[in-house]
Amino acid sequence: MATLSFDAAPVPIRDDIRADLPEVWADIGRPGTWLTAERRVAIAAEARNATHCTLCAERKAALSPFTVKGAHDILGDLPENYVELIHRVMTDSGRLSRKWHEAIVATGMTKGEYVETVGVIVCTVGIDTFHRGIGMDPPPLPEPEAGDPTPYTPPGLEHELAWVPTIDPARIGPDEAPLYEGGPAHIRRALTAVPATVRSFWKMANVLYLPGHQMRDFANEYRAITHAQIELVAGRVSALNQCVY
Amino acid sequence: MGEAGDDSGIPHATLLIEFAEAVLDPDENRIARARKAVAETMGEAALVDAAAVAGNFNAIDRVADSTGIPLEPEKAAMTEDFRSALGINDFGKARSSEAAE
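Quick notes on the rules
Residues numbered from 1 in each chain as written. Chains lettered and ligands numbered in written order. Predicted model: local features only at pLDDT ≥ 70, side-chain atom pairs only at ≥ 80, totals over all residues. Heavy atoms only, no water. Helix = DSSP H or I, 4+ residues; strand = E, 2+ residues; numbered from the N terminus. Buried < 20%, exposed > 50% of the residue type's maximum accessible area, 1.4 Å probe, protein only. Contact = heavy atoms within 4.5 Å. Rg over C-alpha atoms; globule rule 2.2 N^0.38 Å. Areas by Shrake-Rupley, 256 points an atom, 1.4 Å probe, with all protein chains shown as cover. Lys, Arg positive; Asp, Glu negative; His and termini not counted. Charge placed at Lys NZ, Arg CZ, Asp CG, Glu CD. Axes fitted to C-alpha atoms, helices over the stretch in contact; angles between N-to-C directions. Parallel < 35°, antiparallel > 145°, perpendicular 65-115°, else oblique. Left-handed = near helix turned anticlockwise from the far one by under 90°. Nonpolar A, V, L, I, M, F, W, Y, C, P; charged D, E, K, R; others polar. Phe/Tyr/Trp six-rings, centres within 6.5 Å; stacked < 30°, edge-to-face > 60°. Lys NZ or Arg CZ within 6 Å of the ring centre and 35° of its normal. Salt bridge = Lys/Arg side-chain N within 4 Å of Asp/Glu carboxyl O. pLDDT = per-residue confidence, 0-100.

1. Structural notes on the overall build of chain B
A count of helical and extended segments in chain B gives 6 helices and 0 strands. Secondary structure elements in chain B, listed N-terminal to C-terminal, are α-α-α-α-α-α. In chain B, buried positions account for 49% of the 101 residues. Pairs at least 24 residues apart make up 29% of the contacts formed inside chain B by residues separated by at least 6 positions.

Structure representation (structure tokens):
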């Protein structure tokens, strides 16, 4: 059952957003590649909860987050390693490190589970932020659907570019080839260890931002704000997040 | 940020920068004011698109940072001068304090 609707939005919403964001939201409530639907919804719930965590606030204010010890304020539905991943990505993503990432996966979380978890977190924060921007409350979380995860490891993974495996464009299989339409920019490679996560994330990103060919078409404008205005907002948000990319 | 926005030459830059900051700020009064200012000055469609861009980058920044995906070398070279001037190169320096982990 869809839990995201713009029927009560305070401003008119573009048709592509109306069509695609409810699908992305519903995906959170479906069994994933490595995670159950229950876990995926619990991740989304904990992502929202993380913004109220006292430990995360203290770490964010500290010169180094690793000097502050304590326990996260949690909902209680997830193992500790998931909680640490979710809370740090939500509240201090600009200071994540490879060493921190390796400590997370050393607890027994697979790289696939890590990537899928990140996918759920970022779809949640992207959609919630959009709602806040237009003056709507965040949507109710979807009800978890029945079924099992469908494990899948795509061909062509390499392990050198990032902390997580990514599909090497030179060795990509036919099923995954559409993931690199428009070019294999590094950011498009980031989540490719779990292709279903990539598809869901970019479905959201293409309607919230611009599909690749429109992003580079400076001769035409596709939104009610110009390319320059889009990049101004994007740049300010990224600076506040201390995102180096 | 107002002056920086005015200097950019981009129409309504100050409004949009304030909106971007307000979306990430938990202060409800601030985002309400910013939302109203964008809608009244630039229109409701502009508000939707500004909110959409903010949502996307609040998400995609986390994709980049949590996967350790590097900036392409050619993009890093193209942007080296203003990244240094804006202090962007300093953002990740806390990461080098991993000895404290």
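2. Considering the overall build of chain A
Within chain A one finds 10 helices and 2 strands. For chain A, the succession of helices and strands along the chain, N to C, is α-α-α-α-α-α-β-β-α-α-α-α. What you see for chain A is a C-alpha radius of gyration of 18 Å, in line with the 18 Å of a compact globule of 245 residues. Once the C-alpha set of chain A is aligned to its principal axes, its extents read approximately 50 × 45 × 40 Å. Burial statistics for chain A: of 245 residues in total, 57% are counted as buried. Accessible area for chain A stands at about 10,200 Å²; split by element, carbon and sulfur atoms hold 55% of it. Looking at charge distribution, chain A has the averaged site of its 23 positive side-chain charges lying 6 Å from that of its 31 negative ones.

3. Some thoughts on the packing of helix H6 (residues 111–134) of chain A against helix H2 (residues 13–24) of chain B
Two elements in contact, H6(A) and H2(B), have axes separated by 10 Å at closest approach and are oriented at 120°. One element, H6(A), and the other, H2(B), form an angle in the oblique class. In the crossing of H6(A) with H2(B), the sense of the turn from one axis to the other is right-handed. Contacts between H6(A) and H2(B) pair A:Thr129, A:Arg132 and A:Gly133 from the former with B:Phe19, B:Ala22 and B:Val23 from the latter. In terms of residue class, the contact of H6(A) with H2(B) is made up of 3 nonpolar, 2 polar and 1 charged.

4. A word on the packing of aromatic side chains
In the structure shown here, the tally under the stated rule is 3 aromatic pairs over all chains. Taken together, a centroid distance of 4.9 Å and an interplanar angle of 90° make the contact between A:Tyr209 and B:Phe57 edge-to-face. With A:Tyr209 in the loop between helix H8 (195–208) and helix H9 (212–215) and B:Phe57 in helix H4 (residues 44–67), this residue pair bridges two chains. Owing to a relative accessible area of 12%, B:Phe57 belongs among the buried residues under this scheme. Over the aromatic face of A:Tyr82 sits the side chain of A:Arg39, whose NZ or CZ is 4.6 Å from the ring centroid. For A:Arg188, the ring lying beneath its charged end belongs to A:Trp202, and the centroid distance is 4.2 Å.

5. Looking at the side chain of A:Glu176
Residues and elements named next belong to chain A. For Glu-176, the location among the structural elements is in the loop between strand S2 (166–167) and helix H7 (186–189). Look at Glu-176: it is buried, it has no salt bridge, and the nearest opposite charge is Arg-199 at 4.3 Å. Contacts of Glu-176, omitting those with residues within four sequence positions, involve Tyr-152, Pro-154, Pro-155, Ile-167, Pro-195 and Arg-199.

6. A word on the packing of helix H1 (residues 15–28) of chain A against helix H2 (residues 37–50) of chain A
Residue and element names in this part refer to chain A. One can describe the packing of H1 onto H2 by two numbers: an axis separation of 8 Å at closest approach and a directional angle of 110°. Our classification of the angle between H1 and H2 gives roughly perpendicular. Contacts from Trp-25, Asp-27 and Ile-28 in H1 reach Ala-37, Arg-40, Val-41, Ala-44 and Arg-48 in H2. Partitioned by chemical class, the residues of the contact of H1 with H2 number 5 nonpolar, no polar and 3 charged.

7. Concerning the confidence of the model for chain B
Residues and elements named next belong to chain B. Considering every residue of chain B, the mean pLDDT works out to 83; 68% of them sit at 70 or more. Note on residues 93–101: pLDDT under 50 across the span, and 19 contacts to partners over four residues away in sequence or across chains. For this predicted complex, the interface confidence reaches an ipTM of 0.96, while the overall pTM sits at 0.92.

8. So, unusual backbone geometry
Not every positive phi belongs to a glycine, and A:Gln242 is a case in point at roughly 55°. Phi angles above zero are rare outside glycine, and B:His12 is one such case at about 60°. Mapped onto the fold, B:His12 is located in the loop between helix H1 (2–7) and H2. Accessibility expressed as a relative area gives 36% for B:His12, which makes it partly exposed.

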